[in-house]
Amino acid sequence: MTTPPDLPARLRLACDSCGETYDAWRWRCTCGEPLDFAADPTPSAATPDDADLDYRDGLWAFDDFLPTEPRASLGEGMTPLVDAAEWEASFKLEYVFPSGSFKDRGATTMLSVASELGVERVVEDSSGNAGAAVATYAARAGIDAEIYVPASVKPSKVRAIERAGAKPVRIEGSRQAVTDACVEAVEADDAWYASHAWNPAFFAGTATVAYEIAAQRDWSVPDAVVTPLGHGTLFLGAYRGFRALYEAGWTDRMPELYGAQAAGYSPIADARHHTADETNDVADGIQILDPVREAEIHEALDATGGDAIALSADAVEDELDRLHRHGFYTEPTCAVAPAALRELRLSGVLDRDADVVVPLTGSGLKS
């Protein structure tokens, strides 16, 4: 891997946990915690009406909030925001991205940073969607990629990785075993870790979901946003994005954020209240027992007045059928968020008239 000795100021790194800063790229702090960019990009315009926004540029229309230029882009972003009357909500159709999931948001920004730094090879660990996205955008950037995946990965997802020219590395065991094997490879040969859980450039990309939601609503913020929650890449992206808009003065408040987890793989929900003693293996995309940024997830929930809940396999399967019957052809993991919305309304946590946005995160063609 070729990395310049000194990073541009916009790419310099800092650890929120111990306060250490870095002028050269590394995938985590010496204290073991994840790193973020030391300085958040700020828009040049005081209001969105004054900003030079061309939505034909997709998510890159919000380049003032992003750490680099679009060096690995496929026209991604500005996914549809549509009415979903059955759920009394709006759905953000993230499954129409080039590789079929919201992970393209983070992949385009992360691989653009890798390209700027002169990286020649990246490695990633994934249950499928992030791997397909990283493989796709690595191909676009002309960067070699190895994707560590569970041995049980869905054939459609591993085909997407292979057809993009990346090398899938199948690992037996749990999802954590896949991550452990990937990290071992990273540390053995100093490969550039294109991790959707660790890499700050990925979260800079997922934050664009908030910019788009606000823009598509004429810069009004919904009462609540409900997302699937595993490592929290979309959840934290939404939090960071809405916070950036609020701090820039482009919006006047933050939405409540709710995370939907799969029962049995629900450390955030478990830590906040009692959850059902069962295991949901239907939502395979969020089977994360030890989220890298767990503390930050709890901070986001507390700051916005939201919560995390765990969903059973039956609830997710019922919701998936309902989505398909109404024309939303998503993969199973997507169904946890609208299923969570249903339970939040039934329990009275969210009022019937609450203005809610739910991202649908992955295509049913990948199931």
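The shown structure was predicted, so the numbers you read here are calculated from the model rather than taken from an experiment.

Engineer: Just to check I follow, could you spell out helix H7 (residues 233–248) for this structure?
Structural biologist: Helix length check: H7, at 16 residues, gives a terminal C-alpha distance of 22 Å against a target of 22 Å (1.5 Å per residue), a fit within 8%. Of the positions making up H7, those classed as buried are Thr233, Leu234, Phe235, Leu236, Gly237, Ala238, Tyr239, Arg240, Gly241, Phe242, Ala244 and Leu245. Note on H7: the residue one or two positions beyond its end, Gly249, has a positive phi of about 80°.

Engineer: Quick question: what am I supposed to make of the domain arrangement of the protein chain here?
Structural biologist: Partitioning the protein chain into structural domains gives domain 1 (1–39), domain 2 (81–102 + 199–366) and domain 3 (103–193). Taken over C-alpha atoms, the centre of domain 1 sits 28 Å from the centre of domain 2. Listed as interface residues are 6 residues of domain 1 and, on the opposing side, 7 residues of domain 2. Counting the surface lost from both domain 1 and domain 2, the interface buries some 500 Å², and carbon and sulfur atoms represent 61% of this. Of the charged contacts in the structure, one is a salt bridge between Arg240 and Asp36, with a shortest N-O distance of 3.0 Å. At the surface where domain 1 touches domain 2, the tally comes to 3 residue pairs in polar contact (both at pLDDT 80 or more). Residue composition of the side of domain 1 that touches domain 2, grouped by class: 5 nonpolar, no polar and 1 charged.

Engineer: It is not clear to me how the nonpolar core should be interpreted in this structure. Could you clarify?
Structural biologist: Nonpolar side chains tend to gather and get buried jointly when the protein is soluble and globular. If you look at the biggest cluster of nonpolar residues, it comprises 37 residues, and the most contacted ones within it are Trp25, Met110, Leu111, Leu117, Val122 and Trp192. Elements with a contribution of two residues or more to this core: helix H1 (103–116), helix H2 (129–141), strand E7 (144–150), helix H3 (155–163) and helix H5 (200–206). The greatest single-element share of this core, amounting to 6 residues, is contributed by H2.

Calculation rules
Residues numbered from 1 in each chain as written. Predicted model: local features only at pLDDT ≥ 70, side-chain atom pairs only at ≥ 80, totals over all residues. Heavy atoms only, no water. Helix = DSSP H or I, 4+ residues; strand = E, 2+ residues; numbered from the N terminus. Expected span 1.5 Å × (residues − 1). Buried < 20%, exposed > 50% of the residue type's maximum accessible area, 1.4 Å probe, protein only. Domains from an automatic or database assignment. Contact = heavy atoms within 4.5 Å. Buried area = accessible area lost by both parts, 1.4 Å probe. Salt bridge = Lys/Arg side-chain N within 4 Å of Asp/Glu carboxyl O. Polar contact = N/O pair within 3.5 Å; in protein donor to acceptor, adjacent residues only side chain to side chain. Nonpolar A, V, L, I, M, F, W, Y, C, P; charged D, E, K, R; others polar. Core = buried A, V, L, I, M, F, W, Y, C linked by side-chain atoms within 4.5 Å.

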